[in-house]
Amino acid sequence: MNTPTKPAPGLTVDEPQPRKGKSPLRKAGTYLVMIVITLLFVAPILYMVIGSFKPSDKVLNGLAGFIPEDLSLDNYTGVFDRFNSPATGYFYNFYLTSFIVSVVVVLGGLVVNSMAAYALARLRWRGRNGVLLAVILLVIVPFEAIAVPLFYLLNDYRNTYYVQFTPFIAQAFSVYLFYTFFVGLPKQLEEAARVDGAGPWRTFFYIVVPMSKPVFASVTILTFLSSWGAFLWPVMMIDQPAFRPLPLEISVFLGQPPTDWGQIFAFGVMLVLPLLVVFLVFQRWFIQSVASSGLKG
Amino acid sequence: MPRGWRGLKNTPPPMVRFPSHELEEVRVSTVSVPPVVDPTLDEPPATKRRDTKAALIMVAPAVILLLAFVVVPLIAAGWLSLHNVRLNSGRPATWFGLQNYTRLLTDPEFYRGLANNFIFAIIVVPVQTGLALGLALLLNRPLRGMSAFRTFFFMPVVFPMALVAVIWRLIYSRDTLGMLNAFLDWISFGHLGPYDWLGNAATAMLAIIIMSIWQGVGFQMIILLAGLQGISPSLYEAASIDKANRWQQFRNVTLPGLRTTLIFVVMVTTIFSFRLFDQVWILTQGGPNDATTTVMFQAVTAAFSENNVGKGAAITVVFFVIVLLITLIQRRILREEREVS
Amino acid sequence: MASITYQKMRKVYDDGTEAIPGMDLEVKDGEFMVFVGPSGCGKSTALRMTAGLEDISGGRLLIGDQVVNNKSPQERDIAMVFQDYALYPHMTVGQNMGFALKMMRIPKAEIRKRVEEAADRLSLTALLDRKPKNLSGGQRQRVAMGRAIVRQPQAFLMDEPLSNLDAKLRVQMRAEIDALQHQLGVTTLYVTHDQTEAMTMGDRVAVMKNGRIQQCAAPQALYDEPANVFVAGFIGSPKMNLFHSILRRGTDGGATLQFGPKELDISADTLARWPGLVDVPDGPITVGLRPESFRYTPDADPEQSLDVQASVVEMLGNETLVHFVAPVEQASDADVRDRAQASDEEESILAGAGKTVMVSRLVPPVRLSEGDPVRLTLDTTRLYLFDQQGDAIR
């Protein structure tokens with residue numbers, strides 16, 4: 001073991017600062033706080049999940065609503081049974097509607113928005129700057145600003161699938177996300193592709209898209225989240241059960257007395273399940289998407 | 001193979017290079033020479049031609065859709081707001097001038113809605129942002145299990161607001177069976193009596209605020225967390241060498257480093273405060289007595305329930321102008337930031 | 001014929017900067033042509049214009065006998081090796097090499113054959129299924145070459161392909177590229193900022209500055225007969241020592257060149273080596289001395305030699321490089337041109353007589369230390385003379 005040499009006289013050496021590591025007490029305190037906060041966030045979710053397996057009279061039951069007792073799948077089967085006619089709508093129909101709309105919006109959006117972003121990011125054409133500026137400006141426009149006029153213009157197309165997805169396939173924000181990503185790709189790769197004989201289309205499909213997995217994941221997640229939860233638009237455009245998506249239907253369900261809480265919660269669990277699954281499986285992507293969408297702002 | 005191309009067979013390379021007298025020397029000429037005129041060079045290069053064609057096709061679907069479903073409605077909103085428009089009544093739209101607007105400006109319900117949105121913003125923006133920042137700071141530590149906590153904190157964001165409203169409807173139930181009432185009853189040993197959260201004008205807005213914060217905090221938290229992680233740790237080290245305590249480090253390193261992100265988050269939350277709709281529609285329908293009515297709620301009600309599309313459009317226009325103002329203010333602040341730094 | 005011909009090729013950017021005022025050059029079929037020069041001289045721009053990655057603002061570019069100004073890179077039938085290799089990260093080595101062929105819709109069997117052949121030639125066969133991120137720098141460089149070879153193009157364009165390699169690998173790859181080019185016989189354009197690479201690899205080297213070709217000749221010709229001060233100072237390592245001097249003709253047909261306080265005597269016979277001198281009046285002149293034109297002569301007559309003090313000594317085993325301060329003012333290509341416009345040349349030269357660090361190369365090596373006095377003799381037949389415009393006097 002070497003003994004450390006003494007510092008030369010005249011030099012002062014500071015006492016080493018105490019490490020940032022906390023005392024076990026502080027650590028425990030932090031964990032305690034975190035757990036309490038977690039409970040606050042998770043409690044309503046837990047309430048719904050547990051309640052979905054309990055008989056309805058035990059759900060709205062004060063704090064006892066949290067107690068898992070008399071668990072069964074009755075509420076779930078009940079939901080399917082309840083929605084059993086064209087008048088009430090069929091449960092699988094609600095699911096199907098949400099599914100069809102979301103899939104078309106997401107997939108259609110990926111294709112349409114990424115292509116446009118690539119043309120803006122990498123190709124040279126007259127009018128490029130104008131269109132780019134227009135897209136950036138349109139990002140500012142929230143859906144609510146155009147909901148009412150769209151409602152008026154599309155009034156004849158209510159109660160269809162396509163009125164629920166067509167207006168949402170192209171999104172200025174998605175184009176913008178793709179654009180900033182494509183612009184950040186190394187240009188030399190695209191030049192190499194060009195020298196190799198790939199034109200704009202083939203460069204896009206064979207080179208750019210495979211290298212853009214992160215942004216495709218981000219856009220998919222963000223679009224799916226907003227599409228599955230769409231409420232304002234269906235409220236205005238859909239009044240027939242056959243074309244109702246899940247969020248709209250659960251609000252209708254809520255408003256039909258007597259309120260069967262168990263079944264409503266079961267409905268809710270089924271509604272949120274795809275989102276939760278995607279979230280838990282693709283957590284890192286999910287959080288990454290949100291973070292990057294914020295930093296881009 | 002092109003002429004002159006010799007194959008890849010491993011033949012030994014010829015040893016003789018180009019004899020030097022064959023290769024002309026080229027010297028720089030300082031005399032300027034007029035450019036060669038060649039009419040075939042007037043066409044744009046092949047690359048640009050092909051680019052343009054591909055670009056136009058690639059950009060067409062998005063542009064057409066955006067034009068049709070964003071730009072046109074935006075303009076239509078303006079047009080509609082200047083007319084008296086009734087759907088399904090067989091009567092065409094009649095010119096109304098600014099009457100929709102003047103009626104709005106003298107409508108106490110509209111002001112109430114506007115005020116509610118402002119109240120929402122004034123409370124939610126600082127509270128939700130502050131909470132999000134606090135949570136982000138908590139999560140930013142290198143303790144084990146942080147990612148699990150992060151998952152839980154973020155989970156409500158995954159829930160559509162419509163569903164969140166349904167769950168909290170039960171929580172806010174007005175008898176002692178309601179979750180919140182039962183909880184308050186329990187921790188106050190019966191002193192805090194059951195409240196009619198959603199039915200009482202005084203508490204309805206608060207109820208909606210709390211629920212919205214619950215759902216939204218995770219989103220901001222993630223953005224702020226990303227911003228925090230973008231602050232170089234060496235800044236903190238330098239500060240601690242300068243003997244700055246934790247609070248001083250927060251004020252002088254963290255906050256400035258987060259400035260842009262915070263401004264963005266504040267702007268988004270503010271705009272969101274004016275978009276408020278889902279919860280109100282499901283839980284309170286604007287009541288009781290306009291306690292929770294909002295700008296968007298009135299816009300939708302006007303167009304959808306009252307069949308007064310002109311009024312709905314006018315409200316929408318006002319809403320959009322507000323959003324624009326907020327955005328412009330944020331851009332201005334950010335631009336000043338950039339010029340200063 | 002896959003020659004490449006530039007006819008007054010010009011490049012102007014949108015903001016008006018003229019990168020290349022007008023380039024005239026003919027690269028012969030099968031020739032290895034090197035573009036060399038300091039950064040910003042336009043060499044990469046010229047290469048990219050040849051490839052079709054930059055628009056040509058004026059003049060004509062011909063590949064073979066076809067004007068290709070408006071043709072796409074693919075239509076020009078050229079292959080390019082990029083400085084950063086530009087390998088597609090999501091594809092394997094084999095797929096990278098085969099991509100261009102796939103774009104040309106060549107049948108799969110043929111693609112496989114060509115890829116395997118090229119991989120064999122470049123020792124890449126074992127790596128065909130690897131992705132670029134799992135390759136070393138040298139391996140990546142070879143894949144980039146393989147990608148070009150497989151195309152069987154009319155010309156290879158290489159943009160500083162060796163800059164990212166370490167020194168040893170660079171030397172190795174230089175030889176390989178050279179050998180490969182000779183074996184394939186394909187016209188090659190090679191861009192580099194390293195004059196050693198240029199000298200060792202090119203059939204001809206085009207030295208560029210500010211978008212203009214200063215001189216294009218075989219490497220030895222560039223070394224022995226530089227066209228101007230810039231080329232003289234650029235080619236050769238260590239750099240040629242360039243300084244301002246004054247030419248004075250004597251009555252005997254000879255002349256003297258000012259060297260600080262001393263004068264170098266040039267005999268009439270030696271002077272005859274520069275027939276172009278007849279057009280040059282007495283007065284300011286720029287002189288170049290390569291480091292090897294000095295000889296270590298400790299016993300020479302002080303009147304006939306130079307006494308200097310060694311400021312830096314580099315013992316390199318086979319030679320010694322001695323840096324010393326000479327009482328002359330250094331010349332570089334920029335200020336020669338400016339000087340020509342100043343009045344009262346002689347006075348300004350004498351008045352501003354500064355010092356210059358020169359480098360001498362002593363072979364066989366001499367053991368010296370810093371500060372030692374050194375007596376050097378100059379071989380006046382190995383002078384380079386340049387006029388006030390910086391052009392060589394022949």
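What you are looking at is a predicted structure, and each value in this text was computed from that prediction instead of being measured. (Residues numbered from 1 in each chain as written. Chains lettered and ligands numbered in written order. Predicted model: local features only at pLDDT ≥ 70, side-chain atom pairs only at ≥ 80, totals over all residues.)

## Some remarks on the overall build of chain A
Applicable threshold: By the criteria applied, helices consist of DSSP H or I runs no shorter than four residues and strands consist of E runs no shorter than two, each listed in order from the N terminus. Each radius of gyration is computed over the set of C-alpha atoms, and the globule rule expresses the reference value as 2.2 Å times the number of residues to the power 0.38. The exposure scheme places C-beta atoms from the backbone and then counts, for each residue, the other C-beta atoms within 10 Å of its own, assigning buried at 20 or more, exposed at 12 or fewer, and partly exposed in between. What counts as a contact is two residues whose backbone-derived C-beta atoms lie within 7 Å of each other.
From N to C terminus, chain A includes 14 helices and two strands. Rg of the C-alpha trace for chain A: 27 Å, well past the compact-globule value of 19 Å for 297 residues, more than 25% over. Overall size of chain A, expressed as C-alpha extent along the three principal axes, is 90 × 65 × 35 Å. Going through the 297 residues of chain A one by one, you find that 46% of them count as buried. Taking all contacts inside chain A whose residues are at least 6 apart in sequence as the whole, residues at least 24 apart take part in 73%.

## Looking at the overall build of chain B
A tally of helices and strands in chain B yields 12 helices and three strands. The burial tally for chain B puts 38% of its 341 residues in the buried class.

## Side note on the sheet that holds strand E18 (residues 356–362) of chain C
All names here are of chain C. To keep it simple, the criterion reads: Note on pairing: DSSP must find at least two bridges between two strands before they are called paired. Comment: axis = line fitted to C-alpha atoms, over the contacting stretch for helices; angle = value between 0 and 180 degrees taken between N-to-C directions.
Pairing in this open sheet of five strands is antiparallel, and the strands run E15-E19-E16-E17-E18 from one edge to the other. In this open sheet, the two strands that pair with only one neighbour each are strand E15 (294–296) and E18. Strand-to-strand, the axes of this sheet are offset by a mean angle of 50°, without reference to chain direction. Here strand E17 (residues 320–326) runs beside E18; their pairing, made up of seven bridges, is antiparallel.

## Thoughts on the confidence of the model for chain B
All names here are of chain B. Inclusion rule: Per-residue confidence from the prediction method is given by pLDDT, with values spanning 0 to 100.
Per-residue confidence for chain B gives a mean pLDDT of 81; residues scoring 70 or more make up 84%. Contacts from residues 1–17, a stretch scored under 50 in pLDDT, to residues over four places away or in other chains number 25 contacts. Counting contacts from residues 29–36, a segment whose pLDDT is below 50, to residues more than four positions away or on other chains yields 10 contacts. Across the whole predicted complex the pTM is 0.83, and at the interface the ipTM reaches 0.84.

## Some points on unusual backbone geometry
Of note, the amide linkage connecting Ser 237 of chain C to Pro 238 of chain C takes the cis form, showing an omega dihedral of 0°. Mapped onto the secondary structure, Pro 238 of chain C falls in the loop between helix H9 (229–234) and strand E11 (241–249). For the bond from Val 363 of chain C to Pro 364 of chain C, the omega torsion is 0°, close enough to zero to count as cis. Positive phi outside glycine occurs at Asn 159 of chain A, with the angle close to 60°. Its location among the elements puts Asn 159 of chain A in the loop between helix H5 (144–153) and helix H6 (162–165). On the basis of neighbour count, Asn 159 of chain A is assigned to the partly exposed category, with 14 C-beta atoms found within 10 Å.

## Regarding the nonpolar core
Heads up, the condition is: The nonpolar core criterion groups buried Ala, Val, Leu, Ile, Met, Phe, Trp, Tyr and Cys residues into a set whenever they are joined through C-beta atoms within 7 Å.
Ala 116 and Ile 250 of chain A together with Leu 189 of chain C are the most contacted members of the largest nonpolar core, which totals 270 residues. With 14 residues, the single largest contributor to this core is helix H7 (residues 201–229) of chain B. Excluding residues that lie within four positions of it along the chain, Ile 250 of chain A makes contacts with Ile 264, Phe 267, Gly 268 and Leu 271 of chain A together with Ala 162, Leu 163 and Val 166 of chain B. Formed by eight residues, the second largest nonpolar core is a distinct cluster that contains Leu 306, Val 308, Phe 324 and Met 358 of chain C.

## Here we look at the domain arrangement of chain A
Residues and elements named next belong to chain A. Short version of the rule: For the purposes of this description, domain bounds are those given by an automatic or database domain assignment. All residues other than Ala, Val, Leu, Ile, Met, Phe, Trp, Tyr, Cys, Pro, Asp, Glu, Lys and Arg, Gly among them, are scored as polar; the first ten of these are nonpolar and the last four charged.
When the domains of chain A are assigned, the result is domain 1 (25–72) and domain 2 (91–296). Computed over C-alpha atoms only, the centres of domain 1 and domain 2 are separated by 33 Å. Contacts between the two partners involve nine residues from domain 1 and, on the opposite side, eight residues from domain 2. Per-class residue counts for the side of domain 1 that touches domain 2 are five nonpolar, three polar and one charged.

## Some thoughts on the pairing of strand E9 (residues 204–209) of chain C
Residue and element names in this part refer to chain C. The buried count for E9 comes to six of six residues, which makes it a mostly enclosed element. Alternating positions in E9 separate into two faces, Arg 204, Ala 206 and Met 208 on one and Val 205, Val 207 and Lys 209 on the other, with burial throughout. In textbook terms, the turn of a hairpin is the stretch between consecutive antiparallel strands, and for E9 and strand E10 (residues 212–217) this stretch comprises two residues, one of which, Asn 210, has a positive phi near 50°.

## Focus: the interface of chain A and chain C
Each partner contributes to the interface: chain A provides 13 residues, whereas chain C provides 16 residues. Sort the elements by how many residues they give to the side of chain A that touches chain C and helix H8 (residues 187–195) of chain A lands first, with six residues. Residue composition of the side of chain A that touches chain C, by class: seven nonpolar, two polar and four charged.

## Some thoughts on the sheet that holds strand E4 (residues 58–63) of chain C
All names here are of chain C. Here four strands make up an open sheet; going across it, the order is E2-E1-E4-E5 and the pairing antiparallel. Here the strands that pair on one side only, and so sit at the sheet edges, are strand E2 (18–27) and strand E5 (66–67). Both strand E1 (residues 4–12) and E2 contribute to a ladder of six bridges, which runs antiparallel. Across the sheet, residue Thr 5 finds its bridge partner in E2, namely Glu 26.

## Describing the interface of chain A and chain B
On the side of chain B, 79 residues touch chain A, which itself brings 76 residues to the contact. With 11 residues, the top contributor of residues to the side of chain A that touches chain B is helix H1 (residues 24–52) of chain A. Split by residue class, the side of chain A that touches chain B holds 58 nonpolar, 14 polar and four charged.

## Points about the pairing of E10 of chain C
All names here are of chain C. Among the six residues in E10, five count as buried, and that is most of the element. Inspection of the sheet shows E9 paired to E10 by five bridges, in the antiparallel sense. Bridged to Val 205 within E10 is Ala 217.

## Quick look at helix H7 (residues 172–183) of chain A
All names here are of chain A. The following threshold applies: For a helix, the expected span equals 1.5 Å multiplied by the number of residues minus one.
The end-to-end C-alpha distance of H7 is 16 Å, a good match for the 16 Å that 12 residues give at a rise of 1.5 Å each. Judged by how many residues are buried, H7 sits mostly within the fold: 10 of 12 residues are covered. Along H7, the positions that sit buried rather than exposed are Ala 172, Phe 173, Ser 174, Val 175, Tyr 176, Leu 177, Phe 178, Tyr 179, Phe 181 and Phe 182.

## Overview of the packing of helix H3 (residues 108–139) of chain B against helix H11 (residues 295–305) of chain B
Residues and elements named next belong to chain B. How we decide: Under this scheme an angle from 65 to 115 degrees is roughly perpendicular, one under 35 degrees roughly parallel, and one over 145 degrees roughly antiparallel; angles in between are oblique.
It is the contact of H3 with H11, at a shortest axis distance of 8 Å, that shows an interaxial angle of 140°. What the angle tells us is that H3 and H11 run oblique. Together, Glu 109, Phe 110, Gly 113, Leu 114 and Asn 117 of H3 and Val 295, Phe 297 and Gln 298 of H11 make up the contact between the two elements. Partitioning the contact of H3 with H11 into residue classes produces four nonpolar, three polar and one charged.

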